[in-house]
Amino acid sequence: MTFGKAFGLNGAAILCSREMKDYLTQFARHYVYSTAFSAAHAVAITKAVEMIQTQQWRREKLIELGAIYDETLSGTAGFVATKTPIKPWLVGEESDVLALCAALKREQSWTTAIRPPTVPRGSARLRITLSAAHEATAVQKLAISLKRHSEGC
């Protein structure tokens, strides 16, 4: 299991039988010689598990924010429907995605430009990540900005 995205951390764990653990310890050199989690990382993972189990409101808020984003942008060039809080916005050319990213930053909306070689040439995109820390007004503002810039206004 990985500790990215939902956990908001990095790293991973292998959940397995004792026999599999013994096998991996003996034969998986990359595992044997990798750096173990720090105590701080273990505490962070434990806290993340607790939050995932007890804070349903975060998932509900992400669903709400995703609906605002989708309702505002559905049908707009660049929009890609997803069921996750990670929203790709297809742009195409690297220079265009960098310009769009810069324009959004000037408007206080921070996105990440994803471009070759991470994605194929001609499929550069923004990576927009919604968070329970965002307010609905911020998502609406971002969506309106994306729509405006996509329509060339």
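Please read these numbers as outputs of a predicted model, since none were measured by experiment. (Residues numbered from 1 in each chain as written. Predicted model: local features only at pLDDT ≥ 70, side-chain atom pairs only at ≥ 80, totals over all residues. Heavy atoms only, no water.)

Participant: What is the right way to look at the sheet that holds strand β3 (residues 124–129) in this model?
Facilitator: Strands pair in a sheet through their backbones, by hydrogen bonds, and they do so in one of two ways: parallel or antiparallel. In space, the 3 strands of this open sheet follow the order β1-β3-β2, with antiparallel pairing throughout. Lying at the two open borders of the sheet, with one neighbouring strand each, are β1 (86–92) and β2 (112–114). Neighbour-to-neighbour, the strand axes of the sheet open up by a mean angle of 30 degrees, direction not taken into account. Against the sheet, helix α4 (residues 56–73) makes contact with β1 and β3, and its axis sits at roughly 30 degrees relative to β1, the strand it touches most. Sheet contacts for helix α5 (residues 94–106): β1, β2 and β3; angle to β3, the most-contacted strand, approximately 30 degrees. (Pairing = 2+ DSSP bridges. Helix = DSSP H or I, 4+ residues; strand = E, 2+ residues; numbered from the N terminus. Axes fitted to C-alpha atoms, helices over the stretch in contact; angles between N-to-C directions. Contact = heavy atoms within 4.5 Å.)

Participant: Please clarify how the layout of surface pockets should be interpreted in this entry.
Facilitator: One water molecule sets the probe size; rolling that probe over the atoms shows where empty space is left. Of the volumes computed, that of the largest pocket is approximately 650 Å³. Lining the largest pocket are 21 residues, and of these K5, A6, F7, G8 and L62 lie nearest its centre. With 4 residues, the single largest contributor to the lining of the largest pocket is helix α3 (residues 39–54). The residue makeup of the lining of the largest pocket, split by class, is 13 nonpolar, 4 polar and 4 charged. Taken as a whole, the second largest pocket holds about 380 Å³ of empty space. (1 Å grid on protein atoms, 1.4 Å probe; cavity = no way out; pocket = protein on both sides within 12 Å on 5 of 7 lines; lining within 4 Å. Points joined across faces, edges and corners; volume = space filled by probe spheres on them. Nonpolar A, V, L, I, M, F, W, Y, C, P; charged D, E, K, R; others polar.)

Participant: So what exactly am I meant to see when it comes to the environment of S17 here?
Facilitator: The topology assignment puts S17 in the segment before α1 (18–27). What makes S17 partly exposed here is its relative accessible area of 38%. Among the polar contacts listed, one links the side chain of S17 to the backbone nitrogen of M20, at a separation of 3.1 Å. (Buried < 20%, exposed > 50% of the residue type's maximum accessible area, 1.4 Å probe, protein only. Polar contact = N/O pair within 3.5 Å; in protein donor to acceptor, adjacent residues only side chain to side chain.)

Participant: Whenever I open this one, the side chain of T111 confuses me. Can you help?
Facilitator: On the secondary structure map, T111 appears in the loop between α5 and β2. Apart from residues no more than four positions distant in its own chain, T111 is found in contact with C101, L104, K105, L126, R127, I128 and L142.

Participant: I'm lost on the packing of α4 against helix α6 (residues 136–150) in this one. Help?
Facilitator: Each pair of packed helices can be described by the angle between their axes along with the distance between the axes. It is at 9 Å that the axes of α4 and α6 come closest, and there the two elements cross at 25 degrees. Overall, the two elements α4 and α6 adopt an arrangement that is roughly parallel. In terms of crossing hand, the pair formed by α4 and α6 is right-handed. Contacts between α4 and α6 pair E64, L65, I68, Y69, T72 and L73 from the former with A136, V139, Q140, A143, I144, L146 and K147 from the latter. For the contact of α4 with α6, the residue count by class is 9 nonpolar, 2 polar and 2 charged. (Parallel < 35°, antiparallel > 145°, perpendicular 65-115°, else oblique. Left-handed = near helix turned anticlockwise from the far one by under 90°.)

Participant: Explanation requested: the pairing of β3 in the structure shown.
Facilitator: In summary, the side chains of a regular strand alternate between the two faces of the sheet. Every second residue of β3 is oriented toward a common face, the buried set being A124, L126 and I128 and the non-buried set R125, R127 and T129. The sheet contact formed by β1 and β3 spans 6 bridges and is antiparallel. By the bridge assignment, W89 is partnered in β3 with L126. In terms of strand pairing, β2 meets β3 through 3 bridges, oriented antiparallel. Along β3, the bridge assignment pairs A113 with L126.

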